[in-house]
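The lines below spell out each chain.
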2 protein chains.
Amino acid sequence: MPTSQPIKAFLDKGPEYLPSVSVDCVIFGFHENQLKVLLLEFKHTKAFALPGGFVFKEESTDEAATRILWERTGVKDIYLEQFHTFGEQNRGNWDVHKATMSSHGFELEVEHWLLQRFISIGYYALVDFSKVQPTPDIFSDLGDWYDIHQIPALILDHNMIIDKALETLRLMLDHKLVGFNLLSETFTMNELQSLYETILDKKLLRANFQRKMLSLGILERVKKKFSGKAHKPPYVYRINQNQ
Amino acid sequence: MPTSQPIKAFLDKGPEYLPSVSVDCVIFGFHENQLKVLLLEFKHTKAFALPGGFVFKEESTDEAATRILWERTGVKDIYLEQFHTFGEQNRGNWDVHKATMSSHGFELEVEHWLLQRFISIGYYALVDFSKVQPTPDIFSDLGDWYDIHQIPALILDHNMIIDKALETLRLMLDHKLVGFNLLSETFTMNELQSLYETILDKKLLRANFQRKMLSLGILERVKKKFSGKAHKPPYVYRINQNQ
């Protein structure tokens, strides 16, 4: 079994991890009016999960989140923001971990470190999914983008983790607009409204939206060039970096 | 030493706690244009700290936060909301814990569970401090309210934890209406504005503030009673419970 060596190496790392603490990453992807989320599909068991993992004793939880995302999906250079820690006593049963490891030839005892109680610190990000091509890791057949309206049943409490991340993303949309970096350098009010409508999953009234966006004080209207056409071109904006 | 028995009982509980996970509570108190925070002052060492503690294997982190606040300050029936998890590799040194325990007659070895790395899940609440009288626990001489502008140096990263809680409180003021349970059933726009100004620590323009509050769609204007006085009394509002 070609994967058994790296999986054994992973299992042997148990003592190097901080007990009880795990990290899960919710990577939202936006492109052309679609909102997606990055999921892994496990080998053999075909279970779906968020990219997640454990925290080394010698790293911060922020460092762990960045490393885990990279190790499990090949995705890097993404700014991850912590949004919530999931600390229910029973966050789901670990049968799926037992089954996954068993399918790779490792039978875990009930006392095994991987089957203990973990809280999970959730991190999220919003990226352009057309620019991010995930590659699956040793545990996964597939790392791919799934439409937010068509998310399969996930292991443990991972569907709830996505719900909470989406709630945070929507709540923070105004505050974090600059950081998300999804728009091109200049954009029209139409393009900005499409981004909002897709993430909020509802239509917005143009006049209200425009008034609210302009009142945030972060948009700068770019000087119009003479287009030479008969129709009046739309105003173009950019983010005011001084704000 | 009269406190040594309960402190020994606490230290003996180590194996019942979830390793690596602690909880800290930031309880903000508002009353008459003052914003305070609830702090404990340790016995003997006179160090200051947030009310904090550890999570039993048999409880959720939310349950732990409620229990810890009650055990350490006698304060209960407060809705605590999680705001951030602090996961730096070195969140401060544990000398203060060693010194505290030593002052009670317990010399801890470096491998002692209390001196291991812990992440801390932060919870916050906003209450009326005139209605909450904290009582110190076995570790503390004093549990008292400190003005937000006069917070002493605290153990570990607790000053940073308060900063982050305050940032969250301010960011959430509109979204969660966290402050509204602090007002009496009916209130004037003036009273509401004072609450906001105290929490945000800045003066607000009356016209803008009123427009913004009314646009939230949660305030209901109460029918005015004829006052019999010459001056026009201010409008009185209450929260529209149907919203």
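See above for the structure.
Worth saying up front: this structure is predicted, and the values here are computed from it rather than measured. (Residues numbered from 1 in each chain as written. Chains lettered and ligands numbered in written order. Predicted model: local features only at pLDDT ≥ 70, side-chain atom pairs only at ≥ 80, totals over all residues. Heavy atoms only, no water.)

Visitor: Just to check I follow, could you spell out the overall build of chain A for this structure?
Guide: Scanning chain A from N- to C-terminus turns up six helices and 10 strands. Projected onto its principal axes, the C-alpha positions of chain A cover 75 × 30 × 30 Å. The proportion of buried residues among the 243 residues of chain A is 52%. The contacts of chain A with a sequence gap of at least 6 include a subset with a gap of at least 24, amounting to 73%. Here chain A has roughly 12,700 Å² of accessible surface; of this, 51% comes from carbon and sulfur atoms. (Helix = DSSP H or I, 4+ residues; strand = E, 2+ residues; numbered from the N terminus. Buried < 20%, exposed > 50% of the residue type's maximum accessible area, 1.4 Å probe, protein only. Contact = heavy atoms within 4.5 Å. Areas by Shrake-Rupley, 256 points an atom, 1.4 Å probe, with all protein chains shown as cover.)

Visitor: It is not clear to me how the relation of the copies chain B and chain A should be interpreted in this structure. Could you clarify?
Guide: Each of the two chain copies can be brought onto the other by rotation about an axis and movement along it. Each copy superposes on the other: chain B lies on chain A with an RMSD of 0.2 Å after a rotation of 180° and an axial shift of 0.1 Å. Viewed as a symmetry operation, the transformation between the two copies matches a two-fold axis. Of every C-alpha in chain B, the one belonging to proline 19 of chain B sits nearest the axis of rotation, 2.9 Å from it. Of all interface residues in chain B, 100% are interface residues in chain A too; the two copies therefore contact each other through one and the same surface. (Least-squares fit on C-alpha atoms with pLDDT ≥ 70 in both.)

Visitor: Help me understand the layout of surface pockets in this model?
Guide: The gaps of empty space that remain are located by a probe, the size of a water molecule, rolled over the atoms. Of the pockets and cavities examined, the largest pocket occupies roughly 1,500 Å³. Taken together, the elements giving at least two residues each to the lining of the largest pocket come down to helix H4 (158-180), helix H5 (189-200) and helix H6 (206-215) of chain A together with helix H4 (158-176), helix H5 (189-200) and helix H6 (206-215) of chain B. Among the residues forming the lining of the largest pocket, the class breakdown is 17 nonpolar, six polar and 10 charged. Here the second largest pocket is characterised by a volume of approximately 910 Å³. In this structure, the second largest pocket is lined by 41 residues; those nearest its centre are Gln82, Phe83 and His84 of chain A together with Phe83 and His84 of chain B. Broken down by secondary-structure element, the contributors of at least two residues to the lining of the second largest pocket are helix H2 (61-73), strand E5 (81-86), strand E6 (119-128) and H4 of chain A together with helix H2 (61-73), strand E5 (81-86), strand E6 (119-128) and H4 of chain B. Its residues assigned to classes, the lining of the second largest pocket shows 19 nonpolar, 11 polar and 11 charged. (1 Å grid on protein atoms, 1.4 Å probe; cavity = no way out; pocket = protein on both sides within 12 Å on 5 of 7 lines; lining within 4 Å. Points joined across faces, edges and corners; volume = space filled by probe spheres on them. Nonpolar A, V, L, I, M, F, W, Y, C, P; charged D, E, K, R; others polar.)

Visitor: Looking at this structure, I do not really get the interface of chain B and chain A. What am I missing?
Guide: How large an interface is tends to be reported as the accessible area lost when its parts come together. Between chain B and chain A, the contact holds 24 residues from the first and 24 residues from the second. Roughly 1,900 Å² is buried in total at the junction of chain B and chain A, and carbon and sulfur atoms are behind 52% of that figure. Three residues, Gln82, Gln89 and Arg117 of chain B, lead the burial of chain B against chain A; their summed loss comes to 24% of the area buried on that side. Here chain B is connected to chain A by zero salt bridges. Applying the counting criterion to the chain B and chain A interface returns 17 residue pairs in polar contact (both at pLDDT 80 or more). (Buried area = accessible area lost by both parts, 1.4 Å probe. Salt bridge = Lys/Arg side-chain N within 4 Å of Asp/Glu carboxyl O. Polar contact = N/O pair within 3.5 Å; in protein donor to acceptor, adjacent residues only side chain to side chain.)

Visitor: I would appreciate a short explanation of the side chain of lysine 36 of chain B in the present structure.
Guide: All names here are of chain B. Tracing the backbone shows lysine 36 in strand E2 (residues 34-42). No salt bridge forms around the buried lysine 36; measuring N to O, its nearest opposite-charge neighbour aspartate 147 is 5.9 Å away. Sequence-distant contacts of lysine 36, defined by excluding residues within four places in its chain, comprise Ile27, Phe28, Gly29, Phe129, Trp145, Tyr146, Asp147 and Ile148. (Lys, Arg positive; Asp, Glu negative; His and termini not counted.)

Visitor: Quick question: what am I supposed to make of the side chain of threonine 168 of chain A here?
Guide: Of note, threonine 168 of chain A is situated in helix H4. Ignoring sequence-local partners within four residues, the contact set of threonine 168 of chain A consists of Phe83 and Tyr124 of chain A.

Visitor: What should I look at first to understand the nonpolar core in this one?
Guide: General note: in soluble globular proteins, nonpolar side chains tend to be found buried as a group. If you look at the biggest cluster of nonpolar residues, it comprises 71 residues, and the most contacted ones within it are Val26 and Phe28 of chain A together with Val26, Phe28 and Leu192 of chain B. The next biggest cluster of nonpolar side chains, apart from the first, holds 44 residues, and it includes Leu38 and Phe129 of chain A together with Leu69 and Ile121 of chain B. (Core = buried A, V, L, I, M, F, W, Y, C linked by side-chain atoms within 4.5 Å.)

Visitor: Would you mind going over the packing of H5 of chain A against H6 of chain A with me for this structure?
Guide: Two packed helices can be described by the angle between their axes and the distance between those axes. Residue and element names in this part refer to chain A. Two elements in contact, H5 and H6, have axes separated by 11 Å at closest approach and are oriented at 95°. Here H5 lies roughly perpendicular to H6, going by the angle between them. In this structure, H5 uses Met189, Asn190, Leu192, Gln193 and Tyr196 to contact H6, whose residues at the interface are Arg206, Phe209, Gln210, Met213 and Leu214. Here the contact of H5 with H6 is built from residues that sort into six nonpolar, three polar and one charged. (Axes fitted to C-alpha atoms, helices over the stretch in contact; angles between N-to-C directions. Parallel < 35°, antiparallel > 145°, perpendicular 65-115°, else oblique.)

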